[in-house]
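# Residue-level structural notes
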Amino acid sequence: MFPPQTWSVDALSAGCRREFHAAPRPAWMPRSMGMARGAAHLADATSHVIFTNGLLDPWSAQSVTQNVSSTLVAINIPDGSHHSDLGAPPNPDVSEADSPTLRAARAQQLAILKGWLEERAT
């Protein structure tokens, strides 16, 4: 569905200028989402968040793709798309149609959530 291709901000900007007479604003999303100082500063405002990224989703380029702390966790699904980890009925059960990396990501999400809930219960 998404063939591999070389990507860069410069190539994207040139294509957008040529086709649409506009340029992308790579810094807009981090600023608008409160991450202008970078993901490392997320711990100042929040905790216990799992950032799940389908790496075939263009939004993943602006997401948190590496663990920030033990409670600000990134899970990357190389062959995942936008919201692929949320699934369809019977969400969030694993489907035979799910890729092995998606199944592993869901298992990791559940393990992390169970661990956090157990910590809170004690």
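Before reading further, recall that the structure is shown in the block above.
Residues numbered from 1 in each chain as written. Predicted model: local features only at pLDDT ≥ 70, side-chain atom pairs only at ≥ 80, totals over all residues. Heavy atoms only, no water.

### Looking at the overall build of the protein chain
Put simply, the test is: Helix and strand assignments follow DSSP, with helices taken as H or I runs no shorter than four residues and strands as E runs no shorter than two, numbered in order from the N terminus. Two things to know: the radius of gyration comes from C-alpha atoms, and the globule rule equals 2.2 Å times the number of residues to the power 0.38. Relative accessible area decides the class of each residue, using a 1.4 Å probe on protein chains only: under 20% of the type maximum gives buried, over 50% gives exposed, and in between gives partly exposed. Contacts: residue pairs with any heavy atoms within 4.5 Å of one another. Per-residue accessibility takes into account occlusion by the displayed protein chains alone, with areas from the Shrake-Rupley method and a 1.4 Å probe. Counted as positive: Lys and Arg. Counted as negative: Asp and Glu, with His and the chain ends omitted from the count. Each charge is placed at NZ for Lys, CZ for Arg, CG for Asp and CD for Glu.
Within the protein chain, the regular secondary structure consists of three helices and two strands. Put simply, the protein chain runs from its N terminus to its C terminus through helices and strands in the order α-α-β-β-α. Computed over the C-alpha atoms, the radius of gyration of the protein chain is 17 Å, more than 25% above the 14 Å expected from 2.2 N^0.38 for a compact globule of 122 residues. The principal-axis extent of the C-alpha atoms belonging to the protein chain is close to 55 × 40 × 20 Å. Here the protein chain holds 122 residues, and the buried ones make up 24% of them. Restricting the contact set of the protein chain to residue pairs at least 6 apart, pairs at least 24 apart contribute 44%. With the model as given, the accessible surface of the protein chain reaches about 8800 Å², and the carbon-plus-sulfur share is 59%. For the protein chain, the distance from the average position of its 9 positive side-chain charges to the average position of its 11 negative side-chain charges is 9 Å.

### Some thoughts on the environment of Q66
Counting through the fold element by element, Q66 comes out in the loop between β1 (49-54) and β2 (72-77). As a C-alpha pair, Q66 and A39 span 27 residues in sequence and 8.9 Å in three-dimensional space.

### Brief notes about the pattern of salt bridges
The line we're drawing: By salt bridge we mean one thing: a side-chain nitrogen of Lys or Arg within 4 Å of a carboxyl oxygen of Asp or Glu.
Within this structure, the stated rule accounts for one salt bridge. The salt bridge partner of R106 is D98, with a shortest N-O separation of 2.5 Å. With respect to burial, R106 and D98 carry one shared label: buried.

### Structural notes on the nonpolar core
So the rule is basically this: Note on terminology: a nonpolar core comprises buried Ala, Val, Leu, Ile, Met, Phe, Trp, Tyr and Cys residues joined through side-chain atoms within 4.5 Å.
V73, I75, I77, L102, A105, I112 and W116 together form the largest nonpolar core, which totals seven residues. For this core, the elements supplying multiple residues, two or more each, are β2 and α3 (100-121). The next biggest cluster of nonpolar side chains, apart from the first, holds five residues, and it includes M35, L42, F51 and V64.

### Some words on the pairing of β2
Heads up, the rule is: Strand pairing follows a simple DSSP-based rule, namely that at least 2 bridges must link the two strands.
Buried residues dominate β2, accounting for five of its six residues. The sheet contact formed by β1 and β2 spans six bridges and is parallel. Directly across from V49, in β2, lies its bridge partner L72.

### Quick notes on the side chain of D57
To keep it simple, the criterion reads: Within 3.5 Å is the distance limit for a polar contact, defined as a pair of N or O atoms, with the added protein rule that one can donate a hydrogen and the other accept it, and that residues adjacent in sequence qualify only through two side-chain atoms.
Along the polypeptide, D57 turns up in the loop between β1 and β2. Of the side chains bearing the opposite charge, R106 lies closest to the buried D57, which forms no salt bridge; the N-O distance is 14 Å. Only 3.0 Å separates the side chain of D57 from the backbone nitrogen of W59, close enough to count as a polar contact.

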